[in-house]
Amino acid sequence: MKRMKKILAMVMAMAMVLGMSLTAFAEGVTIKIVEKDGTDSKADLQYVQAIKADTEALTGWSFTTEAIAEAYMSAFEVSDAQQAIIMLAKNTDATAYEELSIAEGLAAATASQIDVALSNVVAIENVLSFMENGMKVTGAGIYVIKAVEAGFTYKNMAAYVGFGEVDGSYPVLQPAEITAKKSSNIITKENQGEAADNAVAVGDVVSFRVESHFPYIDANAAGKKYVIQDTLTGAEFDMSSVKVEIGGKDYTNMVMPTLLANAPEGKQILEIDLSGLIDNGNSLANETVVVTYSATVTAVSVNNTVEHDGTGITDAKPGETNLYTGSITITKYDADGTTPLAGAEFVVARAATGVVEDETDGFQANEGFEYATFDNDWKLTGWVNNIEGATHVTTGQDGKATVKGLDENTYAFIEVKAPEGYSINEEPATAELGYEGEKAEAVFTAATSMTDTRLNALPSTGGIGTTIFTIGGVAIMVVAAGLFFATRKKSSK
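Residues numbered from 1 in each chain as written. Predicted model: local features only at pLDDT ≥ 70, side-chain atom pairs only at ≥ 80, totals over all residues. Heavy atoms only, no water.

Student: For this particular structure, what's the right way to read the packing of aromatic side chains?
Tutor: Aromatic ring pairs are defined here through the distance separating the ring centres and the angle between the ring planes. This model, assessed by the stated rule, comprises ten aromatic pairs. Plain terms: the ring middles of Trp383 and Tyr411 are 6.2 Å apart, the flat faces sit at 20 degrees to each other, and that makes the pair stacked. With Trp383 in strand E28 (residues 380-384) and Tyr411 in strand E31 (residues 409-417), this pair connects stretches of sequence that are 28 residues apart. Taking the relative accessible area as the measure of exposure, Trp383 reaches 22% and is therefore partly exposed. (Phe/Tyr/Trp six-rings, centres within 6.5 Å; stacked < 30°, edge-to-face > 60°. Helix = DSSP H or I, 4+ residues; strand = E, 2+ residues; numbered from the N terminus. Buried < 20%, exposed > 50% of the residue type's maximum accessible area, 1.4 Å probe, protein only.)

Next comes the structure, spelled out in structure tokens:
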């Protein structure tokens, strides 16, 4: 009973002070929304005064409308408006509430209850009015503010305009400055490690990093969600490498990253559903979300697009990275340097400096030298340590053969079979494969060529053959026939 009398006495004193000071508030004070760095917020702002000074109320305060009172009572699960204000008082640092907040037996409002209350208020149709940042108000109380800015989600805000130092005989209103709580809707993607320059080879294992910020989500929103989807084309995820961190803490096992079964042909989609981590208190809001993983390159170029979708997220643009491989075209010519030759066969080796000549075995590798294997489309499939295991790349009718899926390096084309009628060129053709600038921006290419020498005509061997005897025999037979017919003609005369 003594405690209640103390509370009531304090409330009456507050009411008397309010009554005496109302005329001092006419000039007004400002409410300003600022960023973390202290600069003015650029958000579009809407507001409503939710609680006002009321000398006739138990607490000295009352809600401005019945609808707003219902919004708070519903959030605090009470049926009395004054009790809702008392519960709210326990969670504010406003000077006017200090005595109430230490009174025993008063229920404590949680952060989530306050979020729900503010959400209830802004959801009331036509309750909000637009405001300029730094607007002036002339009454003490609680002002509910909603902020909207493209590319960000905001937490609903409540500004307390209270009493400050006594000026002469009257207390004066103090301006309110609120630091906006917001999270960026931007999601970023980057290649890491050796893939940071965007240049890779088919078969390389590359690392990726995704970063976003957990959004502020309306406490009363239906179907709350926050989902990240990463679409990979030209590579395959290593699911065992996927890691999800939020605020530096590992959440991988809590969110269970999965591959979608209905991904379009040629693509893989990694989905990370963070919806189960959303609570009314927005406890993870604005925490940095980092997803890392590795993947194996399977195509001559890789596209990686990541996007996120969540309650309240607007104007979100996907993050995107690309990786590229290189290709080399070799052209085989006749010794004239212009006539293309089909049917020449080559093996491709890494680094021309590793190729040496040997009189018995032709070209062979120094220790550690590698030879390429390719599929039917001459796309790289791997490397072997012996020339016998390498793929033979064959020139077409235009004398050309193009190998694909290579990283930047120097490569040697070693001829292992010459076109019919030509001799093998024992000097390998080399090509330096690279890209311009700091990073590869497209599939990068190089070209090289080789000429072959036509085989010389072989001389005849053995005796002079039978042709001359055949010709001589025919001639003798002709002469003999002529003599025979001439003799018969003379005899008949």
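Student: What is the right way to read the sheet that holds strand E34 (residues 444-454) from this model?
Tutor: Where strands meet in a sheet, backbone hydrogen bonds hold them as pairs that are either parallel or antiparallel. In spatial order, the strands read E30-E23-E34-E32; together these four strands make up an open sheet with mixed pairing. The strands lining the two open edges of the sheet, one partner per strand, are strand E30 (400-406) and strand E32 (422-423). Where E32 and E34 come together, two bridges link them in antiparallel fashion. Bridge pairing in E34 places Tyr422 opposite Arg454. (Pairing = 2+ DSSP bridges.)

Student: I'm lost on the packing of helix H2 (residues 66-76) against helix H3 (residues 81-89) in this one. Help?
Tutor: For any two helices packed against each other, one specifies the crossing angle of their axes together with the interaxial distance. It is the contact of H2 with H3, at a shortest axis distance of 9 Å, that shows an interaxial angle of 65 degrees. With respect to the hand of their crossing, H2 and H3 are arranged in left-handed fashion. Along the contact surface, H2 presents Ala69, Tyr72, Met73 and Phe76, while H3 presents Ala81, Ala84, Met87 and Leu88. Of the residues contributing to the contact of H2 with H3, the split by class is eight nonpolar, no polar and no charged. (Axes fitted to C-alpha atoms, helices over the stretch in contact; angles between N-to-C directions. Left-handed = near helix turned anticlockwise from the far one by under 90°. Contact = heavy atoms within 4.5 Å. Nonpolar A, V, L, I, M, F, W, Y, C, P; charged D, E, K, R; others polar.)

Student: Quick question: what am I supposed to make of unusual backbone geometry here?
Tutor: Backbone geometry follows two general trends: most residues other than glycine have a negative phi, and most peptide bonds adopt the trans configuration. In the Ramachandran plot, Glu77 falls in the positive-phi region, its phi being about 55 degrees despite a non-glycine side chain. Along the polypeptide, Glu77 turns up in the loop between H2 and H3. Here the phi dihedral of Asn126 falls at roughly 65 degrees; this positive angle occurs in a residue that is not glycine. Assignment of secondary structure puts Asn126 in the loop between helix H5 (111-122) and strand E4 (129-131). Take Asn126: its relative accessible area is 73%, and that puts it in the exposed class.

Student: Got a minute to help me understand the pairing of strand E11 (residues 176-179) in this structure?
Tutor: Where a strand is regular, its side chains alternate between the two sheet faces. Of the two faces of E11, only the one carrying Ala176 and Ile178 is buried; Glu177 and Thr179 on the other face are not. Of the strand pairs in this sheet, strand E1 (residues 29-34) and E11 are connected by four bridges, and their pairing is parallel. Of the residues in E11, the one forming a bridge with Ile33 is Ile178.

Student: Teacher, can you tell me more about the side chain of Asn198 here?
Tutor: Looking at the secondary structure, you find Asn198 in the loop between strand E13 (188-192) and strand E14 (205-213). With a relative accessible area of 12%, Asn198 lands in the buried category.

Student: What exactly am I supposed to notice about the environment of Gly434 here?
Tutor: If you trace the backbone, Gly434 turns up in the loop between strand E33 (429-433) and E34. Separated by 28 residues in sequence, Gly434 and Leu406 place their C-alpha atoms 9.8 Å apart. Residues contacting Gly434, with those up to four places away along its chain left out, are Glu408 and Phe444.

Student: Help me understand the confidence of the model for the protein chain in this model?
Tutor: Residues shown with low pLDDT carry predicted positions that ought not to be read at fine detail. Per-residue pLDDT for the protein chain averages 84, and the proportion of residues at 70 or more is 78%. Every residue in residues 457-463 is under pLDDT 50, and counting partners more than four places away or in other chains gives zero contacts. With pLDDT under 50 throughout, residues 488-493 is counted as low confidence; its partners more than four residues away or in other chains account for zero contacts. (pLDDT = per-residue confidence, 0-100.)

Student: Please explain H3 as it appears in this structure.
Tutor: Helical periodicity: at 3.6 residues per turn, an α-helix aligns residues three or four positions apart in one direction. Counted residue by residue, H3 has seven buried out of nine residues, so it is predominantly covered. Taken as a whole, H3 has its buried residues at Gln82, Ala84, Ile85, Ile86, Met87, Leu88 and Ala89. For H3, the N-terminal capping position is held by Asp80, with its side-chain oxygen 3.1 Å away from the main-chain nitrogen of Gln82. (Polar contact = N/O pair within 3.5 Å; in protein donor to acceptor, adjacent residues only side chain to side chain.)

Student: Would you mind showing me how to read the sheet that holds E13 here?
Tutor: Strand order across the open sheet formed by five strands is E13-E14-E20-E16-E17, with antiparallel pairing between neighbours. With one partner strand each, in any of the chains shown, E13 and strand E17 (249-250) form the two edges of the open sheet.

Student: Sorry, what's going on with the nonpolar core here?
Tutor: In a soluble, globular protein the nonpolar side chains are often hidden away together inside. Formed by 48 residues in total, the largest nonpolar core has its most connected members in Tyr72 and Ile145. It is H2 that provides the largest number of residues to this core, a total of seven residues. The contact partners of Ile145, leaving out residues within four places of it in the chain, are Ile31, Ile33, Leu45, Gln46, Tyr47, Met131, Asn156, Met157, Ala159 and Ile178. Listed in part, the 33 residues of the second largest apolar core include Val200, Tyr226, Val244 and Tyr293. (Core = buried A, V, L, I, M, F, W, Y, C linked by side-chain atoms within 4.5 Å.)

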